[in-house]
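# An overview of the molecular structure
Take a look at the letters that make up each chain.
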Protein chains: 2
Amino acid sequence: MIGPFGGIIATTLLRAAMKHPERRGEPLSLTVNYATPLTDGTFELKAQLPRNNCSKQHWWLELRQNSELMITGTAVFATRSETWSSTDAVFPSVPPASTVEKFLPMDILAWLNSYDVRIIQGSILENTDELLTHQWVRDEPSRPLDFLSLTAISDAFLPRIFVKRKRTSSIGTVSFTVYYHVDENGLAAHGEREVLGLALALRFYNGFFDQWGEIWTPEGQLLATTSQIVYFKE
Amino acid sequence: MIGPFGGIIATTLLRAAMKHPERRGEPLSLTVNYATPLTDGTFELKAQLPRNNCSKQHWWLELRQNSELMITGTAVFATRSETWSSTDAVFPSVPPASTVEKFLPMDILAWLNSYDVRIIQGSILENTDELLTHQWVRDEPSRPLDFLSLTAISDAFLPRIFVKRKRTSSIGTVSFTVYYHVDENGLAAHGEREVLGLALALRFYNGFFDQWGEIWTPEGQLLATTSQIVYFKE
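What you see is a predicted model, and the numbers here were worked out from it, not measured in a lab. Every chain begins its residue count from 1, and numbering advances along the sequence as written. All chains are assigned letters beginning with A, and all ligands numbers beginning with 1, in the order in which they are written. Local features in a predicted model are, by the rule used here, given only for residues with pLDDT of at least 70; side-chain atom pairs are given and counted only at 80 or more, and totals for whole chains, interfaces and linings are based on all residues. For side-chain calculations, the full set of non-hydrogen atoms in the structure is used, while hydrogens and water are omitted.

### Structural notes on helix α1 (residues 6-18) of chain B
All names here are of chain B. A run of DSSP states H or I qualifies as a helix once it reaches four residues; a run of E qualifies as a strand once it reaches two. Both are numbered from the N-terminal end. In this analysis, the expected span of each helix is defined as 1.5 Å times one less than the number of residues it contains. Taking 1.5 Å of rise per residue, 13 residues should cover 18 Å, and α1 covers 18 Å from first to last C-alpha, within 8% of that figure. In this scheme, a residue with accessible area under 20% of its type's maximum is buried, one over 50% is exposed, and one in between is partly exposed, where area comes from a 1.4 Å probe on protein chains only. For α1, the buried fraction is high: 10 of the 13 residues fall into the buried class. Along α1, the residues classified as buried are G6, G7, I9, A10, T11, L13, L14, A16, A17 and M18.

Have a look at this one:
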């Protein structure tokens, strides 16, 4: 893997905006760009609010190590009002988490130690062409779901190229986006339980592939949709 | 509509990076955040290159009017090498563009005048629940496809909420992302012909919905994948 788990880096940037004294509203979208692999050590975060409307906040985010810019990002926070709502995505038919075997940690993916992942279909170990992953996932140790853990969980999938080729290779996320479809009350109601994650890829082309995902509650509420573009080495 | 066509704004930001003397490589990803509706008049663009690796460039993009920040964005450019490649998305079975009726301009969507759009399924006019749009689209007047026109075409769909509710309403894109899966030679080979666009939405929730799309050549080459999150008023 090129650099540490991107999900926790994205979460760290989002947290800088969440904790900012001028923050109003809740996360609506987040995009994080991984310019350079982070190294173990201290880092400096900056969350700037160049544009602040009555209902939306547009944030610039950056992370530096030794004054060098390593990660850039943008986030939008919004104050929602209740409106007509509808879910067009379809919650798949899946067995309950308790009946699915826990996925064992892989040396190359250290972040798996921080999750309880149970892959229903679409695993590196599977002897099929299935590239669409269905998995149950929750933090390990468990903690209540919030915008921070939801962000990291949106990146907690086996990289699609591992599943496609049934082997590991050197990869690194270049850009990662999350759209949030839930508010704090909805997350609080979910508590510490697992969520269902879906992930797929549409195209692998000359060193990069895309990855698309959905995060659902077991009751079929779509919490977040996510995408990323990832570098891979053959 | 809240503000002018987001596709041309995104393209204008991308163009600032494309034309920058330090630009190397080709677009890999672009995210544009629409903080405030633009007004007719002059604007100032800034493309900054805070991080420049050997194979990737990370850009900050911004657009101001009267010194006020209106639009923010980030882009990644990459120099690709030939590798194993594969397309997992499936090109749908569709009739040729010449046999599909041209979609007529709508007052509310002025940008339709700059495109030849032929909607195969998933239209505001259709009396079905089909929310997945298949459409042929090309610039009008026609021009060779390049990264700029591909970016704008990635936004050239009827907003999903129009198709869902079979009526127009006030909407505005908040954040828009494009991943590019093609290089300049591939675009040059396509020329001025139409592309096939697919678009769907996964969730409409309390004032915002997401939109996901794919742009294909008629031969079944996936050129770009795209997402956006959009504000709507009831």
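### Quick notes on the pattern of salt bridges
By convention in these notes, a salt bridge is any Lys or Arg side-chain nitrogen within 4 Å of a carboxyl oxygen on Asp or Glu. All told, the structure shown has 16 salt bridges over all chains when counted by the stated rule. Between E219 of chain A and R193 of chain A there is a salt bridge, with its nearest N and O atoms 2.5 Å apart. Taken as a pair, E219 of chain A in the loop between β11 (208-216) and β12 (222-232) and R193 of chain A in the loop between α4 (184-190) and β9 (195-200) lie far apart in primary sequence, 26 residues in all. With a closest N to O distance of 2.7 Å, D116 of chain B and R118 of chain B form a salt bridge. You can call D116 of chain B buried: its relative accessible area is 7%.

### Re unusual backbone geometry
Residue and element names in this part refer to chain A. Geometrically, the link from E140 to P141 is a cis peptide bond, its omega value of 0 degrees lying close to zero. Tracing the backbone through its elements, the reader meets P141 in the loop between β7 (133-139) and α2 (147-153). At N66, a position not held by glycine, the phi torsion is positive, near 50 degrees. On the secondary structure map, N66 appears in the loop between β3 (56-65) and β4 (68-78). Among the residues examined, N66 registers a relative accessible area of 75% and is labelled exposed.

### Structural notes on the interface of chain B and chain A
Where interface size is given, it is often the accessible area lost as the parts come together that is meant. Every residue pair with non-hydrogen atoms within 4.5 Å of one another is taken to be in contact. Each partner contributes residues to the interface: chain B has 65 residues there, and chain A has 65 residues. Around 5800 Å² of area is buried between chain B and chain A when both sides are counted, 58% of it from carbon and sulfur atoms. Our count for the chain B to chain A interface comes out at 2 salt bridges. Of the charged contacts in the structure, one is a salt bridge between D88 of chain B and K164 of chain A, with a shortest N-O distance of 2.9 Å. Nitrogen and oxygen atoms within 3.5 Å of one another constitute a polar contact, given that in protein one can donate a hydrogen and the other can accept it, and given that sequence-neighbouring residues count only through two side-chain atoms. Between chain B and chain A we count 38 residue pairs in polar contact (both at pLDDT 80 or more) in total. Looking at which element gives the most residues to the side of chain B that touches chain A, the answer is strand β4 (residues 68-78) of chain B, with 8 residues. Broken down by class, the residue content of the side of chain B that touches chain A amounts to 27 nonpolar, 24 polar and 14 charged. The rule for pairing is simple: two strands pair if DSSP sees at least two bridges between them. Note that strand β5 (residues 86-87) of chain A and strand β10 (residues 203-205) of chain B share 2 bridges and pair antiparallel. The partner of T87 of chain A across the bridge, within β10 of chain B, is R203 of chain B. What counts as buried area is the accessible surface, traced by a 1.4 Å probe, that two parts surrender upon association, with contributions from both included. Ten residue types, Ala, Val, Leu, Ile, Met, Phe, Trp, Tyr, Cys and Pro, are classed as nonpolar, four, Asp, Glu, Lys and Arg, as charged, and the remainder, Gly among them, as polar.

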